[in-house]
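As a plain string of letters, each chain reads:
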Amino acid sequence: MSAARIPAQPDAGPGHATGWPPERPVRRLSSVTGTSQRPVAQWQPPVEAAVLARMADLLRQVIPMEQIVDDIGDVLSNQDPRPAEFADIAERLRADVARLITIAGSDRKARSDIQARLRVERARALSAQTLPELSPETLEADCRQSVGYLRRLANAADDLLEHLAEIGIVKRVA
């Protein structure tokens, strides 16, 4: 059995484009047939680059539902978080609550649902509270207060997320 030979590609010649953008302007034709030589206006994007950059930045800030569920699970699991993680977890939970509140506020059905509004207010009130400070003298008591606060905040976020799933605003996340 002989190996198949691939013919060598001929040299494209001196007029062959070597890169992009082209070295000379491209003449755009207004018809496919090429009978008309009138240039067509250059395509312009529908929005400016600054608007696209802002939209991309906002999309990068979006917290996926799975991440919200993970953050809630980190606090509500059987093992308490370490004191060194309290501030980071509180910040993540506050961001999760803010995301859920934004979702609830952007939907007419959730805005008109009394239970959703009550859950939003509870989550908002807990999110506004501060994490108890840890003091070396009262570390054990402070840790209990901090874990209690984190669990109340996680429960409020979980309750709001579950209710939003029940009324069909978000998809149920396992």
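Let me sum up the structure you'll find in this document. This is a predicted model, so every value here is computed, not measured.

A closer look at the side chain of aspartate 113
When you line up the elements, aspartate 113 lands in the loop between helix H4 (108-112) and helix H5 (114-128). Looking at aspartate 113, its side chain comes within polar contact range of the main-chain nitrogen of glutamine 115, at 3.1 Å. When neighbours within four sequence positions are excluded, aspartate 113 is seen to be in contact with His163 and Ile167.

Quick notes on H5
The end-to-end C-alpha separation of H5 is 21 Å, in line with the 21 Å expected for 15 residues at 1.5 Å each. Next to the buried residues of H5 lie helix H3 (86-105), H4 and helix H6 (139-166). By the N-cap criterion, in which a side-chain oxygen at the helix start approaches the backbone nitrogen of a residue two or three places on, H5 is capped by aspartate 113, the distance to glutamine 115 being 3.1 Å.

A word on the nonpolar core
Among the nonpolar cores identified, the biggest contains 35 residues, and Leu93, Leu100, Leu150, Leu164 and Val170 are the most heavily contacted of them. Where this core is concerned, the elements lending two or more residues are helix H2 (65-76), H3, H5 and H6. With twelve residues, the top contributor of residues to this core is H6. Other than its neighbours up to four places away in sequence, leucine 93 contacts Asp71, Ile72, Val75, Leu150, Leu153 and Ala154.

About the thresholds
- Numbers given to residues run from 1 along each chain, matching the order in which its sequence is written.
- Note on the predicted model: pLDDT of at least 70 is required for a residue's local features to be given, and 80 or more for side-chain atom pairs to be given and counted; whole-chain, interface and lining totals, by contrast, use all residues.
- For the side-chain quantities, the full set of heavy atoms in the structure was used; hydrogens and water were omitted.
- Helix numbering and strand numbering both begin at the N terminus, where a helix is a DSSP run of H or I of at least 4 residues and a strand a DSSP run of E of at least 2.
- Pairs of N or O atoms within 3.5 Å make up the polar contacts considered here, provided that, within protein, one atom can donate a hydrogen while the other can accept it, and that residues adjacent in sequence are counted only when both atoms are side-chain atoms.
- We call two residues in contact when some of their heavy atoms are within 4.5 Å.
- Multiply 1.5 Å by the residue count of a helix minus one, and that product is the helix's expected span.
- As used here, the term nonpolar core means buried Ala, Val, Leu, Ile, Met, Phe, Trp, Tyr and Cys residues forming a set that is joined through side-chain atoms within 4.5 Å.
- Only protein chains enter the calculation, and the probe is 1.4 Å; a residue is then buried if its accessible area is under 20% of its type maximum, exposed if over 50%, and partly exposed in between.

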